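# A closer look at the structure
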Amino acid sequence: MSAAAPVAPTSSVSRPPRALRKVFALDDFEAAARRHLPRPVFGYMCSYAETGAAFDANRDAYADYGFMPQVMVDVSKRSTQTELFGETYAAPFGFAPVGLTALSTYRGDLVLARAALESRLPMIMSGSSLIPLEEVAALHPGAWFQAYLPGDRGAIELLIDRVARTAFKTLVITVDTPVPPNSENTARMGFSAPLRPSIGLAWQGMTHPRWLLGTFLRTLARHGMPHFENNYATRGAPILSPSVLRDFSERGHLAWDDLRTIRKQWRGRLIVKGILRADDARMARDCGADGIIVSNHGGRQLDGAIAPLRALPAVVAACPDIPVMIDSGVRRGTDVLKALALGAKLAFVGRPFGYAAAVGGVPGVQHGVKLLTAEVSRNMAMLGVNSVTELQADRHLVRMPGRG
């Protein structure tokens, strides 16, 4: 993954397919995905908890800060390259874990892995995925694997052992899901896990033929019915079933001792995702975490949870000795730069790259990467910085009046 020069654009990146030529920013992928996907599938991807207050706050938080650009600086040799954990990435952002991507995109996890590999960006594979983690690790050994811990200690050990047998070297433990979230909004969109066969579901497939033929039926013909593959050491429930229930393992009793046990078992890099408090960040570090991802799960878990950008400075101050990253609400290059100035080492993007994969496959994701990288580079020039390491809150940001 290490490299000394900026990534050279491939032909698929430099000239997107015709269907993507009206996509000028990451937000444009959402409208395209809404048209392309059946309502229940899109509903799962776009869903948020309850009233959407946490989801809205994630975007709103970036307006807390304005930029203070420095002019007349030679920025002709600026670079978006980013160093993290001894690796050099092409830009200071990556792919957050997105569940069930193989339902919205043919072989979706492999699509994201290939796009990340070719773009030289970090990518986190979701534990709520429908393709075995071994296949993704074989394609992209440098990707990270995100696990939802089973409720049973023995099952945790078996899952960690399974990941350890692959080429994955970075394990991300998500800690903000002690219980399943309120599913009212996904239910309103007709989604359940597993999906229940119905006339309405069949109609959604028939009225979205590109998805039906290109994703669902193609998957059935070539790979059989998708299952939840990576929540446990063994295969889980199918994605479509009239009677089978997905096992949402009770995690309410999990505690820091479980993370300490995982640290003893897992010999690779260990990241903890879902931290919003400084004291939790210190505890995660003291339990052996090599890095922290400040996240409220994209607003999908606790409605009204603080936006990660607002939690970021305190977490960075609490853990200056390990990398702190961020996700949830990142949509523009300016968002990435504000997060970096506040101390994040990298910003992860979730839903937009999932939407891009759904409507455009690997070229769609690469197009999204190109757009966001160009925004980061352009805005670095306007700020008067040549390297992402130059960004500092006291030099480049100001709190906006009346905010926070």
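Preceding block: the structure.
Let me begin by describing the structure that accompanies this report.

How each quantity is defined
- Residues numbered from 1 in each chain as written.
- Predicted model: local features only at pLDDT ≥ 70, side-chain atom pairs only at ≥ 80, totals over all residues.
- Heavy atoms only, no water.
- Helix = DSSP H or I, 4+ residues; strand = E, 2+ residues; numbered from the N terminus.
- Rg over C-alpha atoms; globule rule 2.2 N^0.38 Å.
- Buried < 20%, exposed > 50% of the residue type's maximum accessible area, 1.4 Å probe, protein only.
- Contact = heavy atoms within 4.5 Å.
- Areas by Shrake-Rupley, 256 points an atom, 1.4 Å probe, with all protein chains shown as cover.
- Expected span 1.5 Å × (residues − 1).
- Bend = angle between axes of the 7 residues up to and from the residue.
- Core = buried A, V, L, I, M, F, W, Y, C linked by side-chain atoms within 4.5 Å.

### Side note on the overall build of the protein chain
Within the protein chain, the regular secondary structure consists of 17 helices and 12 strands. The C-alpha radius of gyration of the protein chain comes to 20 Å, within 12% of the 22 Å expected for a compact globule of 404 residues. Seen along its three principal axes, the alpha-carbon backbone of the protein chain occupies a region of about 65 × 50 × 45 Å. Taken over 404 residues, the protein chain has a buried fraction of 56%. Relative to all contacts within the protein chain whose residues are 6 or more apart in sequence, the contacts with residues 24 or more apart total 75%. Surface summary for the protein chain: the accessible area is close to 16900 Å², and the carbon and sulfur share equals 56%.

### Notes on helix H16 (residues 351-383)
Between its first and last C-alpha, H16 extends only 27 Å over 33 residues, short of the 48 Å set by a 1.5 Å rise per residue. Of all the bends in H16, the greatest reaches close to 135° and is centred on glycine 360; the proline proline 363 follows between one and four positions later. Among the 33 residues in H16, 26 count as buried, and that is most of the element.

### A look at the nonpolar core
Counting 107 residues, the largest nonpolar core has Phe95, Leu171, Ile292, Phe353 and Val365 as the members making the most contacts within it. By residue number, the principal contributor to this core is H16, which donates 14 residues. Not counting the four nearest positions on each side in its chain, leucine 171 is found in contact with Phe145, Ala147, Ile160, Val163, Ile262, Trp266, Arg269, Leu270 and Ile271. If you look at the next biggest cluster of nonpolar residues, it comprises 11 residues, including Tyr89, Ala96, Ile124 and Trp144.

### So, unusual backbone geometry
Of note, the bond from alanine 193 into proline 194 is cis; its omega dihedral lies within 30 degrees of zero at 0°. Its place among the elements puts proline 194 in the loop between helix H9 (184-188) and helix H10 (199-206). Positioned with a positive phi, methionine 72 is a non-glycine residue whose angle comes to about 55°. Its place among the elements puts methionine 72 in the loop between strand E1 (65-67) and strand E2 (82-84). With a relative accessible area of 85%, methionine 72 lands in the exposed category. Residue histidine 297 is not a glycine yet carries a positive backbone phi of 65°. With respect to the element layout, histidine 297 can be found in the loop between strand E9 (291-294) and helix H14 (308-318). Take histidine 297: its relative accessible area is 12%, and that puts it in the buried class.

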